[in-house]
Amino acid sequence: MTHTEIEVTAELVRELLREQHPDLADRPVRLGARGWDNQLWRLGDDLAVRLPWATESADALLLKEHAWVPVLAPRLPLPVPVPQRLGEPSERFPRPWIVTTWVPGEAADRAPVTRGAEAADTLAAFLTALHQPAPEGVDTLGQGRGGPLAGTSDWFGKQLAEATGMGLIPDPDAVRAIWADAAAAPRWTGPALWLHGDLHPANVLTADGTICGVIDFGVLFAGDPAVDLSAAWNLLPDGAADRFFGSYRPAPDAATLRRARGWAVNRALVGILVGEAGVHGRPGGKATWGPPGHAALRRLIATADH
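Residues numbered from 1 in each chain as written. Predicted model: local features only at pLDDT ≥ 70, side-chain atom pairs only at ≥ 80, totals over all residues. Heavy atoms only, no water.

Student: Outline the packing of helix 9 (residues 254–279) against helix 10 (residues 290–302), supporting the account with residue identities and numerical values.
Tutor: Look at helix 9 against helix 10: their axes get within 7 Å of each other, and the N-to-C directions meet at 145°. In this structure, the crossing between helix 9 and helix 10 has a hand that is left-handed. Taking contact as the criterion, the partners of Arg261, Ala264, Val265, Ala268, Gly271, Ile272 and Gly275 in helix 9 are, on helix 10, Gly290, Gly293, His294, Ala296, Leu297 and Leu300. (Axes fitted to C-alpha atoms, helices over the stretch in contact; angles between N-to-C directions. Helix = DSSP H or I, 4+ residues; strand = E, 2+ residues; numbered from the N terminus. Left-handed = near helix turned anticlockwise from the far one by under 90°. Contact = heavy atoms within 4.5 Å.)

Student: Describe in detail the sheet that holds strand 6 (residues 106–107), supporting the description with residues and values.
Tutor: Judged by pairing direction, the sheet is antiparallel, and its three strands sit side by side in the order 6-8-9 without closing on themselves. Edge positions in the sheet fall to strand 6 and strand 9 (210–214), since each has one partner strand and no second. Where strand 6 and strand 8 (residues 204–207) come together, two bridges link them in antiparallel fashion. The residue bridging Ala107 from the neighbouring strand is Leu205, located in strand 8. (Pairing = 2+ DSSP bridges.)

Student: Go over helix 1 (residues 10–20), please, and point to the residues and values.
Tutor: Ala10, Leu12, Val13, Leu16 and Leu17 are the residues of helix 1 that are buried. Taken end-on, helix 1 shows its buried residues confined to a sector of 165°, consistent with a single buried face. Of the surrounding secondary structure, the elements contacted by the buried residues of helix 1 are strand 1 (29–34), strand 2 (38–43), strand 3 (47–52) and strand 5 (97–101). (Buried < 20%, exposed > 50% of the residue type's maximum accessible area, 1.4 Å probe, protein only. Arc of directions from axis to C-beta.)

Okay, here's the thing in structure tokens:
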């Protein structure tokens, strides 16, 4: 991770607002979260400022959100952070930044879904609404998630070997079998559909045990819906995946379900490794990512014959 040399503080956020959006500069500013790519600062009760800080790619992701999320948000049945203002690069902060609406809730890596049936229906309705054909020219790469699953086989092998070497994977052969079946599934031949692309627990908000919002659309791209459908195992509790797939429209075919399981294994391994790094205080680690990753892998192995 390449962290910016500029320290982001509440005073910096206020200065940027005074320079470019003075009508917002008197609102209270407080830190909301430090994510993988961006820092999020609360701006009063209903807005937030997102500034890139940790990766060079964050600028492009923010600009993508600013361009497309306002187009998609009106049709989505869950609250999402909708960009309201664009901050231009300046001498004080030489990167773009955005002001968005604030979506209340607790990230699912900290407050997991407990009301499985309701959350399954909610997530299915959200993805049914999102997964519509995207216009020409929309990104189809999705940070490596837009190509065939088999194209990430080397990456998968390295992640599994690393996690296994740490003693984190009880049955690596079962994980390999799920991956092999997913990678061998027929490719998606339908239209390139709008995809969130990053539906891991830290990007989904919960309240009262169910899903209440979806955040961080930076990866947003067009392609195979299996990438998002993997959330059935990564986000929902035991026994809820069947309900989810029964509610999602159009009903996914067998090949799409196989590919979705492969993407879910990928996501679970990332969660397990990032979580382990967090437990040991290593850079980029987030301890809260580990338990959802382990739970997802257990669900996938338990339902491997389905």
